[in-house]
Amino acid sequence: MADTATAPLLANHRAKLAKAPSIDDTIETYMGTTGAGQLLKAVLLAFAWAFDAQQVFISVFTDAEPLWHCTGADASCSSASASPCALPAGAWVWDRPAVTSVVSEWSLKCAGPALVSLPASSFFAGCLAGGFLLTTLADSLLGRRKMLLTSIVTMSVAGVLTAFSPNVWAYAALRFVSGFGRSMVGTCTMVLSTELVGKKWRDTVCVAGFFCFTLGFLSLPALAYTFRDASWRNMYLWTSMPSLCYSILIYLLVQESPRWLLVRGRKQDAIETLQQIASLNGNSITSSFSMLHACTMQQDAAAASGGSDSNSVFATLRSMWERPWALRRLAAIMTASFGVGTVYYGMPLNVGNLGSNLYLSVMYNALAELPSSILSWLLMGRINRRSSVIGLTAVAGLCSLACVVIPQGAARMAAELVSFSSTCTAFNVIMMYSIELFPTSVRNSAVGLVRQALVLGGVAAPVLVALGRHKSFLSFGVFGLLIGCFGMFAACLPETRGKAMSDTMDEEEQKEAAVANCTVDDMDSTCGDLV
C-alpha cells in the first residue's frame, strides 16, 4: 500500500519532465555534430573578449602615475621625496613627456586619490549602470546578436572620442559611456557562443573566450611600450578602431541564437538559422520540423499563461524575483562574484604598488591568465563547479593577505601572481556556472547580473588601490578578506556539472521539485541524473 501511495508522486514529476521535447535536445538534433566551420564562428565571436579586456585594463597605462626627477634648480629638491607637490615649479620634471599619461598631462598627481581614480571608477560605474539597464534586452527585445553589436559599437565609438578628451571631466564622462556600452559585451558573447554550438563544445567555447580576453590583456603592455614616449591618446585609437572593424564581421557572419528565437516564439527565424548552421556543419535537414513545432507550442502556452507582461523588458527579472529558488541562486552567486570582481579588476590596477617595473608586472599578470584558462577548462570538465569556486577563492584570499606582510621583491610578486591567477580561474568558473544555473528564458539576464556584481567590485577597486599606495592593507588586505569570505557563499548553490540546461523557468522549477522528492530510498537512475 505504501508503495502505491508514494510511486505516483515521483512518476508525475518524471512525466512532467518528459512531457515535451526539450529545446536543448531539439536544437542538437537539427544542428547535427558541430563542425569546424561553426566552431570557427564561435571562436570569432569569442574574440570580442579581447577588445573587452583592452577597455577594462587600458587605464593601467593611460592613468599611470609617471616617475619624476629633480632639475637641480632647487637645492632642497630630492627625488626621494614622497611627492613633488610641495616643491616649487621648475624644481622637478617628469621622466617622460607629460602627454604619456593623463596624470602628468592634466597635473593630477597632487589632486588627491579621488580625482586620480575618477576615470577608472567612472568606467566601472558605467559598466554597472549598463548592466542593470541593458541586461534584459538580450533576453527580450533585441536578442543576443543585436545587443552584442550595439554594445561593441558603443564601446568603440566612445573609445575613439576618448582620444580627443580636452580635460579629466570629459575623459571620465566618456569612460562612463564606454563602460556603459561594454557592460554587455562579455555576457552576450558567452551566452551566444555557447548557444550556437552543441553540448560537447560549450566548455571549450567558454575557455576560448577567456583565452581571447587574455590576448587582449596581453596586448596592452606591448602597445603601451610602443607608445611609451607618445601620447596616451594613441592607446585609445589603436584599441577602439579595430573593434569597430570587428563589429562589421560579427554583423556579416554570426547568426542569432536559435534557442533564444524558439523561446521567443520566432519559429520561422529559428528554422532558417538552424538550416544555416546545419549547412555550415556539412549537414542538411531533410526531416520535418515536428519537434520544433512542439517546442514552439509549449513556449506559446507558457507565454500565454504568463499574461500580458510576459513580453515585458523586465519580465525576466520579475520571473526570477517571484521564485525563491532563483532568488537564492542569484543572491549567492552575485555575492561570490563581488568578492572575485574586486580582486580581478583591482590586482592589475594595483601592480604599481608592488615596486617593480610596470610593463613587466602587467605582462606577468596577463600571462597568469593563460594557465588559468587551461585550468578552468580542466576544472569545468572534471571537478564540481561549487567546490572549484570555494577552493580558488580561498587560495586567492590567502595569497592576497600574504602580500601585506611580504616585503617588496620577487616573493611578493609571486604571491600576487598566484592570487590573481586563482582569481582569474574563479572568474571563469563562475561565468560558466551562472550559465548552467539559469534556463534559456532568463539566462542572459542572470549572467548579466552576475557580471554586474563582478563590476561592482571593480567600482570599489580603484579607490582601494589609490589608498593602498600609502598602506598596503587597504588594497591587498581588503582584497584578500573580500574574496575569501564572499567566495564561501558558493556553498549555497546546487551543483550543475554534467546536468542538462533547462529552457524555461517552469522546467527548472519542476527539476527543483523532483530533486526535493528524491530521498535516499529513491536514488534510482532518474534521481541520480537530477541531483
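Just above, that's the structure.
What counts, and where the lines are drawn
Residues numbered from 1 in each chain as written. Predicted model: local features only at pLDDT ≥ 70, side-chain atom pairs only at ≥ 80, totals over all residues. Heavy atoms only, no water. Helix = DSSP H or I, 4+ residues; strand = E, 2+ residues; numbered from the N terminus. Buried < 20%, exposed > 50% of the residue type's maximum accessible area, 1.4 Å probe, protein only. Contact = heavy atoms within 4.5 Å. Phe/Tyr/Trp six-rings, centres within 6.5 Å; stacked < 30°, edge-to-face > 60°. Salt bridge = Lys/Arg side-chain N within 4 Å of Asp/Glu carboxyl O. 1 Å grid on protein atoms, 1.4 Å probe; cavity = no way out; pocket = protein on both sides within 12 Å on 5 of 7 lines; lining within 4 Å. Points joined across faces, edges and corners; volume = space filled by probe spheres on them. Nonpolar A, V, L, I, M, F, W, Y, C, P; charged D, E, K, R; others polar. Core = buried A, V, L, I, M, F, W, Y, C linked by side-chain atoms within 4.5 Å. Axes fitted to C-alpha atoms, helices over the stretch in contact; angles between N-to-C directions. Parallel < 35°, antiparallel > 145°, perpendicular 65-115°, else oblique. Left-handed = near helix turned anticlockwise from the far one by under 90°. Polar contact = N/O pair within 3.5 Å; in protein donor to acceptor, adjacent residues only side chain to side chain.

## Quick notes on the overall build of the chain
Link 1 in the chain: The helix and strand inventory of the chain stands at 25 helices and two strands.
Link 2 in the chain: Evaluated residue by residue, the chain yields a buried proportion of 54% over its 531 residues.
Link 3 in the chain: At a minimum sequence separation of 6, the contacts of the chain that also span at least 24 residues come to 83%.

## A look at the packing of aromatic side chains
Link 1 in the chain: The final tally for this structure, using the stated rule, is 24 aromatic pairs.
Link 2 in the chain: Each ring, one from Y171 and one from Y236, has its centre 6.0 Å from the other, and the planes form 80°; the classification is edge-to-face. Separated by 65 residues along the polypeptide, Y171 in helix α10 (residues 168–182) and Y236 in helix α13 (residues 233–253) bring together distant segments of the chain.
Link 3 in the chain: Of the residues examined, Y171 reaches a relative accessible area of 0% and is grouped as buried.
Link 4 in the chain: Relative to Y345, the ring of Y344 has its centre 5.2 Å away and its plane inclined at 80°; by these criteria the two rings are edge-to-face.

## Examining the pattern of salt bridges
Link 1 in the chain: Applying the stated criterion across every chain, the model contains seven salt bridges.
Link 2 in the chain: A salt bridge links R233 to E105; the shortest N-O distance between them is 2.8 Å. Here E105 lies in helix α6 (residues 102–105) and R233 lies in helix α13, a separation of 128 residues in the sequence.
Link 3 in the chain: Since its relative accessible area comes to 19%, R233 is described here as buried.
Link 4 in the chain: Between E436 and R385 there is a salt bridge, and its shortest N-O distance comes to 2.7 Å. Residue E436 is located in helix α21 (residues 410–437), and its partner R385 is located in helix α20 (residues 385–405); the two are separated by 51 residues in the primary sequence. No difference in accessibility class separates E436 from R385, as the two residues are buried.
Link 5 in the chain: The structure contains a network of salt bridges with shared partners spanning D52, R182 and R451.

## Remarks on empty space enclosed by the protein
Link 1 in the chain: Enumeration over the complete set of coordinates arrives at one cavity of 30 Å³ or more.
Link 2 in the chain: Surrounding the largest cavity, W49, F210, F213, Y344, E369, F427 and N428 form its lining.
Link 3 in the chain: Secondary structure elements with two or more residues in the lining of the largest cavity: α12 (202–226) and α21.
Link 4 in the chain: Among the residues making up the lining of the largest cavity, the classes are represented as five nonpolar, one polar and one charged.

## Looking at the side chain of S156
Link 1 in the chain: If you trace the backbone, S156 turns up in helix α9 (residues 143–162).
Link 2 in the chain: Once you skip the residues sitting within four places of it in the chain, S156 turns out to touch S240, S243 and L244.

## Section: the nonpolar core
Link 1 in the chain: Counting residues in hydrophobic clusters, the biggest one holds 88 residues, and the most contacted among them are F57, M320 and Y345.
Link 2 in the chain: If sequence neighbours within four positions are ignored, F57 has contacts with F213, F217, L220, Y344, Y345 and P348.
Link 3 in the chain: Counting residues in each nonpolar core, the second largest holds 20 residues, with F51, L148, I152 and I277 among its members.

## So, the packing of helix α4 (residues 48–57) against α13
Two measures define how a pair of helices packs: the angle their axes make with one another and the distance between the axes.
Link 1 in the chain: Contact geometry for α4 and α13: axes closest at 10 Å, N-to-C directions at 155°. Between α4 and α13, the angle is such that the two are roughly antiparallel. Helix-helix and strand crossings are classified by hand; for α4 and α13 the assignment is left-handed. Of α13, the residues touching α4 (which contributes A48, F51, Q54 and Q55) are Y236, T239, S240, P242, S243 and Y246.

## Section: the side chain of T189
Link 1 in the chain: Note that T189 resides in helix α11 (residues 185–195).
Link 2 in the chain: A distance of 2.6 Å separates the side chain of T189 from the backbone oxygen of V185, its partner in a polar contact.
Link 3 in the chain: Setting aside chain neighbours within four positions, we find T189 in contact with L45, A46, A48, W49 and L148.

## A word on the packing of α11 against α12
Link 1 in the chain: It is at 9 Å that the axes of α11 and α12 come closest, and there the two elements cross at 150°. With respect to their mutual orientation, α11 and α12 come out roughly antiparallel. For α11 against α12, the interelement crossing comes out right-handed. Along its contact with α11, which presents M190, S193 and T194, the element α12 presents R202, V205, C206 and F210.
Link 2 in the chain: Here the residues of the contact of α11 with α12 are counted per class, giving four nonpolar, two polar and one charged.

Bear in mind that shape data such as this cannot, by itself, settle questions of function.
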